[in-house]
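Letter by letter, the chains look like this.
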Amino acid sequence: MEEETCLDCKRPTITVIDHSSGDTICSECGLVLDAHIIEYSEEWRTFASDDNRSDRDPNRVGAPTNPLLKSGNLVTVIEKPKENVSSVVSKDDISTLRRAQNQLKNHEEDLIKKAFEEIQRMTYALNLDIVVNSRACEIVSKFDGHANTKLRRGNKLYAVCAASVSMACRELKLSRTLKEIAVVANGVELKDIRKSSMVIKRVLESDQASVSSAQAIINTGELVRRFCSKLDISQREIMAIREAVEKAENFDIRRNPKSVLAAIIFMISHISQTNRRPIREIGIVAEVVENTIKNSVKDIYPYALKIIPNWYACEADIIERLDGVITSWDSAKISV
């Protein structure tokens, strides 16, 4: 019981909830204040014999339905016959029913459920939103009963889960690199995740699903925020890096988005006098080797004056500081 203001009594009164009808009733005048309310507490059933109230065994009704499973997660379980317990049905009949049910059971659905649990673990470890988890589970559910592709246990199942999480992240524009996902994928190698990604694309295409968003490039803008946060770069440099990355997309720089971003972070930080970051440190955060960053800097340098914001550095400073570091790299290569 709780206190509410009755519309008929015009004063605070004690209300009573009738759980059988879902009505909230005023205890003073009997007015129904709210009808058919939703009960959010657990659903319980009591399994007890009519003639023996001492064996009350309250149990939950069961797990919630899952629309991604063909059975809806509603299954019948035939337990083994208990010893020393009399029953109308003989033990042989129960054993026969168990064998028949096991033959008709969709074992592929058991793997789907296991994949859902693995996806939930990966998304939690990567601190991803529940929307990513739902989309990745939806992708994996396409394998249930698919004519050309079946799930397999072990590392192949983990690879499919990792590839589904990666594709869900790309669809929702939440960039996570394959290396980041592989770290939480129980030791699955990158090549296996890439193979599973190709299989998933074929499954979605055959299912007439749209994969255009799944094939989108990594959202470099989202990577800027994460990489700069790990490198402890100031807000002024972050703004310059973000603007430079957006301008770089207008030029024909044939490099991986992460390599381009790592090179621009190095260029912007090197121009700065107070926020310089070693190329080795940038490579660790961006998961790009140092030589790749150096080659990317050389490819981007001809466009440096056009992509680096004028408000951040003047033309003379850009040429002087970047030209000097590129010359030192070339000299070191010649001496070697």
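Throughout this description, residue numbers start from 1 for each chain and increase along the sequence as written. The predicted nature of this model means local features are confined to residues of pLDDT at least 70 and side-chain atom pairs, given and counted, to a pLDDT of 80 or more, with totals for whole chains, interfaces and linings taken over all residues. Side-chain metrics in this entry use all non-hydrogen atoms of the structure; hydrogen atoms and water are not considered.

Visitor: How should I be thinking about the environment of V160 in this particular structure?
Guide: Strands are runs of DSSP state E lasting at least two residues, helices are runs of H or I lasting at least four, and both sets are numbered from the N terminus onward. Among the structural elements, V160 can be located in helix 4 (residues 155–171). Along the sequence, V160 and A136 sit 24 residues apart, while their C-alpha atoms lie 9.9 Å from each other.

Visitor: What should I look at first to understand the state of the cysteines in this one?
Guide: In protein structure, a disulfide is the covalent linkage between the sulfur atoms of two cysteines. In plain terms, two cysteine sulfur atoms within 2.5 Å form what is called a disulfide here. Evaluated as defined, the whole model comprises zero disulfides. With no disulfide partner, C161 has as its closest neighbouring cysteine sulfur the one in C137, 8.3 Å distant. Per-residue accessibility, obtained with a 1.4 Å probe over protein chains only, is compared with the maximum for each type, and a residue is labelled buried under 20%, exposed over 50%, and partly exposed between these values. A relative accessible area of 0% means that C161 is categorised as buried.

Visitor: What am I meant to see in a nonpolar patch on the surface here?
Guide: The residues that make up patches have over 30% relative accessible area and no salt bridge, and they are joined within 9 Å when like-charged or within 5 Å when they are Val, Leu, Ile, Met, Phe, Trp or Tyr. Shrake-Rupley sampling with a 1.4 Å probe provides the accessible areas, and residues are treated as covered by the protein chains on show and by no other component. A pairing counts as a salt bridge when a side-chain nitrogen of Lys or Arg comes within 4 Å of a carboxyl oxygen of Asp or Glu. A cluster of nonpolar side chains, I130, V131 and L172, forms an exposed patch at the surface whose accessible area comes to about 270 Å². As for its placement among the helices and strands, I130 is situated in helix 3 (residues 130–141).

Visitor: So what exactly am I meant to see when it comes to the confidence of the model for the chain here?
Guide: Any region with low pLDDT has predicted coordinates that should not be read closely. The quantity known as pLDDT measures the predictor's confidence residue by residue, on a range of 0 to 100. For the chain, the average pLDDT comes to 75, and 70% of its residues sit at 70 or higher. The criterion used for residue contact is that any of the two residues' heavy atoms lie within 4.5 Å. This model gives residues 208–217 a pLDDT under 50, and the stretch forms 13 contacts once residues within four places in sequence are excluded.

Visitor: I would appreciate a short explanation of the pairing of strand 3 (residues 23–26) in the present structure.
Guide: Look at any regular strand and the pattern is simple: side chains alternate between the two faces of the sheet. At least two DSSP bridges between two strands are needed for those strands to be called paired. For strand 2 (residues 12–18) and strand 3, the ladder comprises four bridges, and the chain directions are antiparallel. When the sheet's bridge partners are listed, I17 is paired in strand 3 with T24. Connecting strand 2 to the next strand, strand 3, in antiparallel fashion are four residues, including G22 with a positive phi near 75 degrees. Judged from the two bridges that link them, strand 3 and strand 4 (residues 32–34) form a sheet pairing that is antiparallel. What sits directly across from I25, in strand 4, is V32. A loop of five residues connects strand 3 with strand 4, the two strands running antiparallel in sequence, and G30 in this loop sits at a positive phi of about 85 degrees.

Visitor: Is there a simple way to explain the packing of helix 8 (residues 235–248) against helix 9 (residues 257–271) in this structure?
Guide: In helix packing, the relevant descriptors are the interaxial angle and the interaxial distance, both defined with respect to the helix axes. Here helix 8 crosses helix 9 at 135 degrees, and the two axes come no closer than 10 Å. Comparing the axis directions of helix 8 and helix 9 gives the class oblique. In this structure, helix 8 crosses over helix 9, and the sense of that crossing is right-handed. Facing E237, A240, I241, A244, V245 and A248 of helix 8, the residues of helix 9 in contact are V260, L261, I264, I265 and I268. In terms of residue class, the contact of helix 8 with helix 9 is built from ten nonpolar, no polar and one charged. Orientation is described by axes fitted as lines to C-alpha atoms, over the contacting stretch for helices, and by angles from 0 to 180 degrees between their N-to-C directions. Orientation categories follow fixed angle ranges, with anything under 35 degrees roughly parallel, anything over 145 roughly antiparallel, 65 to 115 roughly perpendicular, and all other angles oblique. In this scheme, a crossing is called left-handed if the near helix is turned counterclockwise away from the far one by less than a right angle; it is called right-handed if the turn is clockwise. Throughout, the ten residues Ala, Val, Leu, Ile, Met, Phe, Trp, Tyr, Cys and Pro are labelled nonpolar, Asp, Glu, Lys and Arg are labelled charged, and all others, Gly among them, are labelled polar.

Visitor: It is not clear to me how unusual backbone geometry should be interpreted in this structure. Could you clarify?
Guide: Trans is the prevailing form of peptide bonds, just as negative phi is the prevailing case for residues other than glycine. A positive phi angle, close to 55 degrees, is found at N186, a residue other than glycine. The phi torsion at E287 lies on the positive side, around 60 degrees, for a residue other than glycine. Note that E287 resides in the loop between helix 10 (279–286) and helix 11 (290–300).

Visitor: Just checking my understanding: could you explain the pattern of salt bridges for this structure?
Guide: A side chain with one charge may pair with a side chain of the opposite charge, provided their charged atoms come close. Taken as a whole, this structure holds eight salt bridges when the rule is applied. Note that R226 is salt-bridged to E180, the shortest N-O span being 2.7 Å. Pair noted here: R226 is in helix 7 (residues 220–231) and E180 is in helix 5 (residues 178–183), with a separation of 46 residues, a long-range link. Summarising the burial analysis for this pair, R226 and E180 share the class buried. Here K191 and E189 are joined by a salt bridge, their closest N and O atoms 3.8 Å apart. Taking relative accessible area as the criterion, K191 reaches 49% and is therefore assigned partly exposed. Since its relative accessible area comes to 43%, E189 is described here as partly exposed. Look at the salt bridges and you will find they share partners, linking R135, E138 and E171 into a network.

Visitor: What exactly am I supposed to notice about the side chain of T177 here?
Guide: As for its placement among the helices and strands, T177 is situated in the loop between helix 4 and helix 5. Within polar-contact distance, the side chain of T177 engages the side chain of E287 at 3.1 Å. Polar contacts, as used here, are pairs of N or O atoms within 3.5 Å; protein pairs need one atom able to donate a hydrogen and one able to accept it. Residues neighboring in sequence count only if both atoms are side-chain atoms.

Visitor: Could you clarify how one ought to interpret the packing of aromatic side chains in this entry?
Guide: The description of an aromatic ring pair uses the distance of the two centres, along with the angle that the planes make with each other. Aromatic rings from Phe, Tyr and Trp, taking only the six-membered ring of Trp, are treated as a pair when their centres fall within 6.5 Å; an angle between ring planes under 30 degrees marks them as stacked, one over 60 as edge-to-face, and anything in between as tilted. Per the stated rule, a full pass over the model turns up three aromatic pairs. Judged by centre distance (6.1 Å) and plane angle (90 degrees), the rings of W311 and Y312 are edge-to-face. We classify Y312 as buried; its relative accessible area is 9%.

Visitor: Looking at this model, I keep getting lost on the nonpolar core. Mind explaining?
Guide: Taken as a class, soluble globular proteins show a tendency for nonpolar side chains to be buried jointly. Core analysis: the largest hydrophobic core is formed by 41 residues, its most contacted members being I241, L261, I264, I265, V297, I300 and I308. Mapped onto this core, the elements with two or more residues apiece are helix 7, helix 8, helix 9, helix 10, helix 11, helix 12 (304–307) and helix 13 (315–335). If you tally residues by element for this core, the top one is helix 9, at ten residues. Among all residues touching I265, those that are not within four sequence positions of it are F227, C228, L231, I233, I241 and I282. Among the buried residues, those of types Ala, Val, Leu, Ile, Met, Phe, Trp, Tyr and Cys that are joined through side-chain atoms within 4.5 Å form a nonpolar core. Judged by nonpolar contacts, the second largest core, of 34 residues, contains F143, V160, I181 and V184.

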